[in-house]
Structure formats: C-alpha cells, structure tokens
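Commentary on secondary and tertiary structure
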Amino acid sequence: VYLFGGVLRDMALLGRRGFASDVDLVVEGDWSHLVSYLEKLKATKNKFGGYRLHIGEWSVDIWQARDTWAIKEGFVNYENVASLIDTTVLNWDAILMNWRTQELIHRPRYFEELLERRMDIVLIENPNPLGMAVRVFRHLSMKDARKITVAATKYLATSAKRYGVINIRNAELRSYG
C-alpha cells in the first residue's frame, strides 16, 4: 500500500492544517481480496475503477497500481509502482510513500522543486482536461508557486485559450464552491 500525491505534497508544503483534499492510496499486488473487503465496508466504485471510502473527515480513494488511468490508456508503461510518478499532471504530485516501510519514491529533484515552489507538467493527458486545468490554475495561485516552467506556462496558456475564463471559472465553482 502506498500513499500517493497530494497528501504527501500538502503535508510537506503546508503541514497537517494545509491538507484539505482526499487521500489517495495505491495498492500493488492482489486486488481481488481487497475489492471484496472494500465492498463490505460500503466503499463506492468510481468511474475509473478505484474505490472511495469516507473515514471520519477524510475521503480515501484506493486504486490498483496497474489500473490507474494513464497506465490503462497506454500513456505510461507499468514496470512497477514507481511508474506512477510519471502518471501525474503536476510534478508536485509525483511522489509515493510505502505505507509499511515509509520509503519515498519520487522524481530526482522532487524536494528541491517543492522547496523552490517550481511547478512543472509531468503528463498532459488526463481524463478530465478542464478539471485538471482548473486544478493547475489553483495550484499556481493557492499553493504559492514561485517558479513555473515553460511546459507549465504552455499548458496553462493552451488551457486558457481552449476553455476561456468563463468556463474555467464555472468549472472551479462547480468543483470547489
């Protein structure tokens, strides 16, 4: 079992109080036993094949590592669980922590980029392009990005041109209120 992405990023950037999202877990190995257990716990299946549980104040999304969207769609080849760091849109999300050993798996300059607040794009393809554009704009402003790569700038410019300010604003209001 691995913690993935935002929970690790936000705890590193902002501490416990700064984390206000869902917890993403990925599982490597036999998924069938876990699925039956999750169903007994009344976890709901999402449209991408993962499951969502509500535990206290937390929403927890659980995925089989080989079945994440970018891998299933062929954008990233699965070699092992470390392949997941190539499936995120933002570099700040490209981190895993082994639940048992607490070993971190990340891109080579992950912590330097995080400390510099340097935002970059890892993988443009995703199942919700407008929603992801909103998320990247939010990260730019709300996670205090201080540096932004050419790739991230192009992504944001393309998204702004493609969707327009009104659509992006409306999508943000629908998602974040």
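We now turn to the structure provided with this report. Please read all numbers here as calculations on a predicted model, not as lab measurements. (Residues numbered from 1 in each chain as written. Predicted model: local features only at pLDDT ≥ 70, side-chain atom pairs only at ≥ 80, totals over all residues. Heavy atoms only, no water.)

**As for the nonpolar core**
Heads up, the rule is: Here, the term nonpolar core denotes a set of buried Ala, Val, Leu, Ile, Met, Phe, Trp, Tyr and Cys residues that are joined through side-chain atoms within 4.5 Å. For the exposure calls, accessible area comes from a 1.4 Å probe over protein chains only, and a residue counts as buried if that area is under 20% of its type's maximum, exposed if over 50%, partly exposed in between. Here a residue-residue contact requires only that any non-hydrogen atoms of the pair lie within 4.5 Å.
Within the largest apolar cluster, 35 residues are counted, with the highest numbers of intra-cluster contacts made by Leu3, Trp31, Leu38, Ile62, Met119, Val136 and Tyr155. In this view, Ile62 contacts Leu25, Val27, Trp31, Leu34, Leu38, Gly50, Tyr51 and Leu53; residues no more than four positions away in its chain are not counted. Among the nonpolar cores identified, the runner-up in size contains 16 residues, and Tyr2, Val76, Val81 and Leu123 belong to it.

**A few points about the pairing of strand β6 (residues 95–98)**
The condition that has to hold: Counting from the N terminus, the helices are the DSSP runs of H or I reaching at least four residues and the strands are the DSSP runs of E reaching at least two. Two strands qualify as a pair provided that DSSP identifies no fewer than 2 bridges between them.
Here β6 shows no split at all, with Ile95 and Met97 on one side and Leu96 and Asn98 on the other all buried. Relative to β6, strand β1 (residues 2–4) is paired through 3 bridges, and the arrangement is antiparallel. Paired with Phe4 across the strands is Leu96, a residue of β6. Two strands pair when backbone bridges link them, and β6 and strand β7 (residues 104–106) are joined in this way by 3 bridges, in the antiparallel orientation. In the strand pairing of β7, Leu96 is matched with Ile105. Connecting the antiparallel pair β6 and β7 is a turn made up of 5 residues, with Gln102 showing a positive phi of about 65°.

**Describing unusual backbone geometry**
Glycine aside, residues mostly have negative phi, and peptide bonds are mostly found in the trans state. At Lys42, a residue that is not glycine, the phi angle is positive and equals roughly 70°. Tracing the backbone through its elements, the reader meets Lys42 in the loop between α2 (32–40) and β3 (44–45). Positive phi outside glycine occurs at Gln102, with the angle close to 65°. Secondary-structure assignment places Gln102 in the loop between β6 and β7.

**As for the environment of Ser59**
Stated precisely, the cut-off is as follows: Contacts described as polar in this section are N or O atom pairs within 3.5 Å, which, within protein, must combine one atom able to donate a hydrogen with one able to accept it, while residues neighboring in sequence count only if both atoms come from side chains.
Residue placement: Ser59 occurs in strand β5 (residues 58–64). With 38 residues separating them in the primary sequence, Ser59 and Ser21 have C-alpha atoms 7.7 Å apart. Residues in contact with Ser59, not counting those within four places in the same chain, are Asp22, Val23, Arg52, Leu53 and His54. Side chain to side chain, Ser59 and His54 meet in a polar contact 3.1 Å long.

**Some details on the sheet that holds β5**
Reading across the sheet, the 7 strands line up as β3-β4-β5-β2-β1-β6-β7 and stay open at both edges, with mixed pairing between neighbours. Since the sheet does not close on itself, it has two edges, and those belong to β3 and β7, each with one partner. Two strands pair when backbone bridges link them, and β3 and strand β4 (residues 51–55) are joined in this way by 2 bridges, in the antiparallel orientation. Its bridge partner being in β4, Lys45 is matched across the sheet by Tyr51.

**Some points on the layout of surface pockets**
Inclusion rule: Cavities and pockets were defined on a 1 Å grid built over protein atoms only: a cavity is a set of grid points that admits a 1.4 Å probe from which the probe cannot escape, a pocket is an open set flanked by protein on both sides within 12 Å along at least five of seven lines, and lining residues are those with an atom within 4 Å of any such point. Grid points are joined across faces, edges and corners, and a volume is the space filled by probe spheres set on the points. Residues were grouped as follows: Ala, Val, Leu, Ile, Met, Phe, Trp, Tyr, Cys and Pro as nonpolar; Asp, Glu, Lys and Arg as charged; and all remaining residues, including Gly, as polar.
Taken as a whole, the largest pocket spans an internal volume of roughly 1600 Å³. Considering the residues around the largest pocket, the lining is formed by 44 residues, among which Asp22, Asp24, Asp61, Met132 and Arg135 are closest to the centre. Elements with a contribution of two residues or more to the lining of the largest pocket: α1 (6–14), β2 (23–27), β5, α3 (69–72), α5 (129–142) and α6 (150–176). Ranked by residue count, the leading element in the lining of the largest pocket is α5, at 8 residues. Each residue belonging to the lining of the largest pocket can be placed in one class, and the counts come to 17 nonpolar, 14 polar and 13 charged. The calculated volume of the second largest pocket comes to roughly 150 Å³. Ile124, Glu125, Asn126, Pro129, Ala133, Tyr155, Thr158, Ser159, Arg162 and Tyr163 are the residues that line the second largest pocket.

Such coordinate-based values are descriptive only and should not be taken to indicate function.
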